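What follows is each chain in one-letter form.
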Amino acid sequence: MHISNIAEGVSEVKSDSITYADTKNGNDLVSNPIPGVLESTGVIEDELTVRYYGTTPPNYICFGTSDKETCVNDTDKYMYRIIGIDKSGRFKLIKKEALNATYKWHNISSSDIKWPESDLYKGLNGISGGKYNDLFIGDIDYITSGWIGKIADVYWKYGDFFELDATPIKILKTEQSSSLKIFSKIGLIYLTDYYYSYTKTGLDCNSVTAGDSKCKTSWINLNINDVIPPNKLQEWSITRYGLNNGSRYYAAWNISSVGLCNRGNIVNMNSVRPVFYLILSIEISGSGTQTDPYIIVN
């Protein structure tokens, strides 16, 4: 990657490696974005002020440990990537690798189950009464002592999206205009996050059903981040499809390793990567590369 205009605070550039000279927080990164790496989509409805896009942006961050060596040596537990920064200055993170097993969105597909009632929502957020217990919150392998307080409670929107082959900007506006929302810590990736991870306009990925989409080479695609066994090729998103053919409920769109976005029956077993926002007061240090990830310093 060639960066012609280096943001203030960047002390060294080596290929794709960006080294920050001093401690950064969300507002610093918003005011000093690295051109071509961290920029706005330009869509006013976007929940995020800036997003990382491309194939290898420096957006690696550790969560669950403040020791860089521990994080780098155990990426399954501790390595995440920053999707972007919201309008309050909070970092939005996604787990670099999928959870170790695959999961159903919900155990029964014969009724209209929305995200807050789903087994997956309950399992990820440590809420009892579902099929899964302590998938993420409540699992000390991922949320170590003292770290739950670093995850912000935010509103997650979960309205339905029925249209095939919609443009990324329409998907973004539809997702973010939904009046259905739940205040919680853990969610999943939006389709918007997927499309806008390749370019800041998402326009190279403008067909939802394009299996040969260029988006498969974006940094957020699970195939880029993980060695995927055959049973983990599909990843759940939070974006719901809803009723299909009058009898089965397709809870969410899923994303495959070849870039295909499609409807998935809620009882299918797919990969899961928790997504969450850090609290506003978080500060980080580091360069954001995989070998020198951002470390949370407070």
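The structure reproduced in this document is the subject of the present report. Everything numeric in this text was worked out from a predicted model, so none of it was measured. (Residues numbered from 1 in each chain as written. Predicted model: local features only at pLDDT ≥ 70, side-chain atom pairs only at ≥ 80, totals over all residues. Heavy atoms only, no water.)

Turning our attention to the state of the cysteines. Across all of its chains, the model carries one disulfide by this definition. Between Cys62 and Cys71 runs a disulfide, and the two sulfur atoms are separated by 2.2 Å. Residues Cys62 and Cys71 are joined through a disulfide that is left-handed, its torsion about the S-S bond being -95°. Summarising the burial analysis for this pair, Cys62 and Cys71 share the class buried. (Disulfide = S-S within 2.5 Å. Buried < 20%, exposed > 50% of the residue type's maximum accessible area, 1.4 Å probe, protein only.)

Strands sit in the order E3-E17-E18 across an open sheet of three strands; the sheet is antiparallel. Of all the strands in the sheet, just strand E3 (24–25) and strand E18 (295–296) have a single pairing partner and so form its edges. Sheet topology note: the strand E17 (residues 283–285)/E18 ladder contains two bridges and is antiparallel. Looking at E18, one finds that Ser285 is bridged to Ile295. (Pairing = 2+ DSSP bridges. Helix = DSSP H or I, 4+ residues; strand = E, 2+ residues; numbered from the N terminus.)

This part takes up the packing of aromatic side chains. The full count for this structure, using the stated rule, is 13 aromatic pairs. Look at Phe63 and Trp147: their rings are 5.0 Å apart centre to centre, the planes differ by 75°, and that puts the pair in the edge-to-face class. Of this pair, Phe63 sits in the loop between strand E6 (60–62) and helix H2 (68–73) while Trp147 sits in the loop between helix H4 (119–124) and strand E9 (154–157), and the two are 84 residues apart along the sequence. You can call Phe63 buried: its relative accessible area is 0%. Assessed through its relative accessible area of 8%, Trp147 is described here as buried. Members of the aromatic cluster, each reached through a chain of ring pairs, are Phe63, Tyr80, Phe136, Tyr142, Trp147 and Phe276. (Phe/Tyr/Trp six-rings, centres within 6.5 Å; stacked < 30°, edge-to-face > 60°.)

Another aspect to go through is unusual backbone geometry. Although it is not a glycine, Asp134 sits at a positive phi angle of roughly 55°. Tracing the sequence through the fold places Asp134 in the loop between H4 and E9.

With respect to the helices, strands and loops of the structure, Lys87 is situated in the loop between strand E7 (79–86) and strand E8 (91–95). For Lys87, a relative accessible area of 57% puts it in the exposed group. Note: C-alpha distance between Lys87 and Val50 (37 residues apart in sequence) is 8.6 Å. Ignoring any residue separated from it by four or fewer positions in sequence, one finds Lys87 in contact with Ile44, Asp46, Glu47 and Thr49. (Contact = heavy atoms within 4.5 Å.)

To continue, consider the nonpolar core. Judged by nonpolar contacts, the single largest core of 66 residues is most densely connected at Leu120 and Leu124. Per-element tally for this core: the top contributor is E7, with four residues. If we skip the residues at most four places from it in the chain, Leu124 touches Leu99, Trp115, Leu135, Phe136, Ile137, Ile186, Gly187, Leu188, Val272 and Pro274. (Core = buried A, V, L, I, M, F, W, Y, C linked by side-chain atoms within 4.5 Å.)

The next subject is helix H5 (residues 168–176). Those residues of H5 that sit buried are Pro168, Ile171, Leu172, Glu175 and Gln176. Taken down its axis, H5 places every buried residue within 115° of arc, on the same side. Looking at the buried positions of H5, the neighbouring elements they touch are E9 and helix H6 (191–195). (Arc of directions from axis to C-beta.)

This paragraph deals with the pattern of salt bridges. In this structure the tally under the stated criterion is 13 salt bridges. A salt bridge links Lys77 to Asp141; the shortest N-O distance between them is 3.9 Å. Taken together, the residues Lys77 in helix H3 (residues 75–78) and Asp141 in the loop between H4 and E9 connect sequence positions 64 residues apart. Given the relative accessible area of 26%, Lys77 is considered partly exposed. Here Lys185 ties to Asp153 by a salt bridge, and the two come within 3.0 Å at their closest N and O atoms. (Salt bridge = Lys/Arg side-chain N within 4 Å of Asp/Glu carboxyl O.)

Another aspect to go through is the side chain of Glu97. For Glu97, the location among the structural elements is in the loop between E8 and H4. Within the structure, the side chain of Glu97 is placed 2.5 Å from the side chain of Thr75, a separation counted as a polar contact. Looking at Glu97, its side chain comes within polar contact range of the side chain of Lys96, at 3.3 Å. (Polar contact = N/O pair within 3.5 Å; in protein donor to acceptor, adjacent residues only side chain to side chain.)

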